[in-house]
Amino acid sequence: MTAAEPSPSALDALQAVLPGDAVRAGRDSDAIAGHVPSWVAAPPDEASLRDVLTWARQQQQAVAPVGGRTQLAIGNPPDRLDGIVSTQRLSGIVDYPAGDLTITVRAGTTAAEIAETVEAEGQWSPLDALSGDSTVGGLLAVGQSGPWRPGLGALRDQVLETRVVHPDGRVTRSGARVVKNVTGYDLNKLFIGSLGTLGVLTEVCLRLRPRPEATATLLLGTTDALTAAEITALLRRAGLDPTGLAFVSPRHDAPVIDRPPGVVLGLLKLAGAAADVAWLRDNISTELPAGTTWTLLEEPEVEEPIWQWLRVHLRRETTLSGRLGTLPMQAGTLAASLPVEVDWVLRPWEGVVDWYWSGPTEQAAEISAAIHVAAQAHQAGRLLIHAPSAVKASGDVFGERPPGFETMRGLRDAFDPERVLNPGRFLHGL
Ligand SMILES: Cc1cc2nc3c(=O)[nH]c(=O)nc-3n(C[C@H](O)[C@H](O)[C@H](O)COP(=O)(O)OP(=O)(O)OC[C@H]3O[C@@H](n4cnc5c(N)ncnc54)[C@H](O)[C@@H]3O)c2cc1C
């Protein structure tokens with residue numbers, strides 16, 4: 001679907017709202033799920049973003065907020081798309097009182113910028129981004145946590161304050177720049193994971209952490225997903241709180257580690273008290289199931305490339321990919337029940353299985369159906385991320401309609417009754 005010639009009036013009208021080079025005609029490279037926008041606007045501040053949204057609403061335009069474009073695949077195909085509001089110019093640090101362990105940034109600020117800024121102060125960013133190009137606005141809009149969620153906590157719990165602009169021009173500020181702040185409804189949590197359907201995030205205040213005293217990564221070689229679940233159980237019994245724990249199915253090539261074929265690779269990240277790392281060093285060999293190999297890495301410069309490899313791995317594009325969520329104790333059997341030709345990354349601490357399949361398009365519907373059956377057998381929630389458009393069109397990528405759906409529709413109606421923002425992309429047509 002190539003770029004529809006923008007009706008000169010639309011572009012001219014928008015240029016009247018946002019003068020200068022902040023508005024341009026859409027290009028094929030701006031496409032979202034095959035839909036090419038006729039215009040792209042990059043407002044330099046919140047007030048002009050608000051003007052663009054209210055104009056779009058008056059003109060019944062369908063708009064997609066866009067950050068770093070690192071995950072536009074997520075969601076159902078849009079019902080329609082007229083324009084893109086990019087947060088590219090809405091970036092930068094607003095306030096960083098390092099001593100308070102908080103940072104306030106504009107929503108177009110990338111995860112890499114934030115990490116660099118806070119690491120210079122000996123602190124850790126809570127974003128754990130798979131891609132440094134992801135913006136904080138995009139990360140929150142998708143709301144998915146990284147492989148270090150066990151240690152860093154869920155993304156939504158790291159947000160202290162947000163500012164959101166709605167299509168009717170209202171601006172909602174919720175929370176405050178202090179650690180204990182929520183009075184009334186916790187609106188922050190409402191906007192996180194809402195895929196940009198309730199408003200456009202413009203500013204975010206995040207909770208930071210001091211850099212840990214000691215870190216280590218334990219590399220494990222084990223036989224299968226069930227043994228991975230066993231190892232997780234022993235870590236729980238040992239009272240260890242991993243920062244990250246992931247097991248990678250055998251078929252994946254892991255250039256950063258020489259791994260014999262057929263071996264499930266385990267990565268355990270510990271970050272915190274030196275005593276925990278010492279316990280691991282002194283006790284792990286006696287605790288692990290027979291046949292499990294291990295290597296303990298204690299230099300961040302050796303550890304980081306391995307986690308970076310996993311992050312790149314987690315966001316790679318394949319014919320089909322998705323995320324399954326189940327009870328932590330069931331995650332191992334769920335991964336083990338997937339079709340053998342499907343690759344997986346198992347995060348047993350959270351009960352998450354990310355899966356990938358790189359086969360011919362014509363076989364995709366069959367594989368997707370087999371994943372669905374496995375998910376149902378484990379009462380697992382499912383999210384289809386990458387898939388041929390015919391497979392995405394054959395069902396809802398967010399799985400079954402969740403309880404409380406009518407209340408969700410009520411919220412969507414309250415914030416965006418004309419469906420200006422990302423129409424059709426969220427669950428079941430929301
Ligand atoms: C299952 C799954 C697991 C993931 N796990 C991780 C993970 O572990 N760690 C990680 O870093 N990433 C993870 N991601 C990817 C991550 O969520 C995206 O890379 C990130 O959200 C994209 O940020 P972006 O700025 O590139 O946004 P874009 O790709 O540009 O946009 C992504 C979505 O957010 C909306 N959006 C963008 N900016 C705003 C805004 N300011 N206000 C409102 N809506 C906006 C867009 O409309 C779009 O729907 C995961 C994604 C999925 C689907």
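Preceding this paragraph is the structure being described.
Remember, it's a predicted structure, so these values are computed and weren't measured experimentally. (Residues numbered from 1 in each chain as written. Predicted model: local features only at pLDDT ≥ 70, side-chain atom pairs only at ≥ 80, totals over all residues. Heavy atoms only, no water.)

1. Examining the overall build of the protein
Inference 1: A count of helical and extended segments in the protein gives 13 helices and 19 strands.
Inference 2: Computed over the C-alpha atoms, the radius of gyration of the protein is 22 Å, within 12% of the 22 Å expected from 2.2 N^0.38 for a compact globule of 430 residues.
Inference 3: Overall, the protein is about 70 × 55 × 40 Å in size when its C-alpha atoms are taken along their principal axes.
Inference 4: For the protein, buried positions account for 54% of its 430 residues.
Inference 5: Sequence separation of 24 or more characterises 70% of the internal contacts of the protein that already satisfy a separation of 6 or more.
Inference 6: Accessible surface for the protein amounts to roughly 18000 Å². Of this, 52% is attributable to carbon and sulfur atoms.
Inference 7: If you average the places of the 37 positive and of the 50 negative side-chain charges in the protein, the two averages end up 5 Å apart. (Helix = DSSP H or I, 4+ residues; strand = E, 2+ residues; numbered from the N terminus. Rg over C-alpha atoms; globule rule 2.2 N^0.38 Å. Buried < 20%, exposed > 50% of the residue type's maximum accessible area, 1.4 Å probe, protein only. Contact = heavy atoms within 4.5 Å. Areas by Shrake-Rupley, 256 points an atom, 1.4 Å probe, with all protein chains shown as cover. Lys, Arg positive; Asp, Glu negative; His and termini not counted. Charge placed at Lys NZ, Arg CZ, Asp CG, Glu CD.)

2. A closer look at the side chain of Lys269
Inference 1: Its place among the elements puts Lys269 in strand β14 (residues 264–272).
Inference 2: Reaching out from Lys269, the side chain makes a polar contact with the side chain of Glu303 at a distance of 2.7 Å.
Inference 3: Apart from the residues lying within four places of it in its own chain, the contact partners of Lys269 are Trp148, Thr215, Ala216, Thr217, Pro242, Thr243, Gly244, Glu303 and Trp307. (Polar contact = N/O pair within 3.5 Å; in protein donor to acceptor, adjacent residues only side chain to side chain.)

3. Focus: the pairing of strand β10 (residues 200–207)
Inference 1: β10 sits mainly inside the fold: 7 of its 8 residues count as buried.
Inference 2: The sheet contact formed by strand β6 (residues 102–106) and β10 spans 5 bridges and is antiparallel. Note that in β10 the partner of Arg106 across the bridge is Glu203.
Inference 3: Inspection of the sheet shows strand β8 (residues 159–165) paired to β10 by 6 bridges, in the antiparallel sense. Within the sheet, the bridge partner assigned to Glu161 lies in β10 and is Cys205. (Pairing = 2+ DSSP bridges.)

4. Some thoughts on the sheet that holds strand β16 (residues 320–325)
Inference 1: Pairing within the open sheet is antiparallel, and its 8 strands lie in the order β15-β12-β14-β13-β17-β18-β16-β19. Of all the strands in the sheet, the pair left with one neighbour each is β15 (293–297) and β19 (381–386). Direction aside, the axes of adjacent strands within the sheet are offset by 15° on average.
Inference 2: Here helix α8 (residues 274–287) sits on the sheet in contact with β12 (214–222), β14 and β15, set at roughly 25° to β12. (Axes fitted to C-alpha atoms, helices over the stretch in contact; angles between N-to-C directions.)

5. A short note on the sheet that holds strand β3 (residues 63–66)
Consider a sheet: its strands pair through backbone hydrogen bonds, and that pairing is either parallel or antiparallel.
Inference 1: Read across the sheet, 4 strands follow the order β1-β2-β4-β3 without closing on themselves; strand pairing throughout is mixed. Edge positions in the sheet fall to β1 (23–25) and β3, since each has one partner strand and no second. Each adjacent strand pair in this sheet contributes to an overall mean axis angle of 20°, direction not counted.
Inference 2: In terms of strand pairing, β1 meets strand β2 (residues 39–41) through 3 bridges, oriented antiparallel.

6. Some words on the site of the ligand
Inference 1: Taken together, the neighbourhood of the ligand is formed by 33 residues, with Pro65, Thr70, Leu130, Thr135 and Gly146 sitting nearest.
Inference 2: Arg69 is positioned such that a nitrogen or oxygen atom in its backbone is 2.9 Å from an oxygen atom of the ligand.
Inference 3: In this structure, Leu72 approaches the ligand through a main-chain N or O atom, which is 3.4 Å from an oxygen atom.
Inference 4: Contact with the protein chains covers 98% of the free accessible surface of the ligand, which is 960 Å².
Inference 5: Residue assignment for the shell around the ligand shows that the elements contributing at least two residues are β3, α4 (136–142), β10 and β19.
Inference 6: The dominant element in the shell around the ligand, judged by the number of residues it contributes, is α4, at 5 residues.
Inference 7: Residues belonging to the shell around the ligand are distributed by class as follows: 15 nonpolar, 15 polar and 3 charged. (Near = heavy atom within 4 Å. Nonpolar A, V, L, I, M, F, W, Y, C, P; charged D, E, K, R; others polar.)

7. Overview of the packing of aromatic side chains
Inference 1: On inspection of all chains with the given rule, the structure shows 5 aromatic pairs.
Inference 2: Measuring from centroid to centroid gives 5.7 Å for Trp148 and Trp307, while their planes differ by 75°, and the two rings are edge-to-face. Here the residue Trp148 occupies a position in the loop between α4 and α5 (149–152), and Trp307 occupies one in helix α9 (residues 300–314), the gap between them amounting to 159 residues.
Inference 3: Looking at Trp148, the relative accessible area reads 7%, which means it is buried.
Inference 4: A network of ring pairs unites the aromatic residues Trp124, Trp148 and Trp307 as a single cluster.
Inference 5: Of note, Arg236 hangs over the ring of Trp349, and the distance from its end group to the ring centre comes to 4.0 Å. (Phe/Tyr/Trp six-rings, centres within 6.5 Å; stacked < 30°, edge-to-face > 60°. Lys NZ or Arg CZ within 6 Å of the ring centre and 35° of its normal.)

8. Focus on the nonpolar core
Inference 1: Among the nonpolar cores identified, the biggest contains 53 residues, and Phe247, Leu320, Leu338, Trp344, Val353 and Trp355 are the most heavily contacted of them.
Inference 2: Lining this core are residues from two domains, each supplying at least three of them: domain 3 (214–314) and domain 4 (320–393).
Inference 3: If sequence neighbours within four positions are ignored, Leu338 has contacts with Leu324, Trp344, Val353, Trp355, Ile371 and Ala374.
Inference 4: Judged by nonpolar contacts, the second largest core, of 24 residues, contains Ile103, Leu155, Phe191 and Phe415. (Core = buried A, V, L, I, M, F, W, Y, C linked by side-chain atoms within 4.5 Å. Domains from an automatic or database assignment.)

9. Some words on empty space enclosed by the protein
Using a probe with the size of a water molecule, rolled over the atoms, empty space left in the structure can be pinpointed.
Inference 1: Using the criterion set out here, one finds 4 cavities of 30 Å³ or more in the structure.
Inference 2: Size it by volume and the second largest cavity reaches roughly 40 Å³.
Inference 3: Along the walls of the second largest cavity sit Ala229, Thr232, Arg236, Pro328, Met329 and Pro348, which together make up its complete lining.
Inference 4: Mapped onto the lining of the second largest cavity, the elements with two or more residues apiece are α7 (225–237) and α10 (328–336).
Inference 5: No other element matches the 3 residues that α7 contributes to the lining of the second largest cavity.
Inference 6: Looking at side-chain class alone, the lining of the second largest cavity contains 4 nonpolar, 1 polar and 1 charged residues.
Inference 7: Taken domain by domain, the lining of the second largest cavity gets at least three of its residues from each of domain 3 (214–314) and domain 4 (320–393). (1 Å grid on protein atoms, 1.4 Å probe; cavity = no way out; pocket = protein on both sides within 12 Å on 5 of 7 lines; lining within 4 Å. Points joined across faces, edges and corners; volume = space filled by probe spheres on them.)

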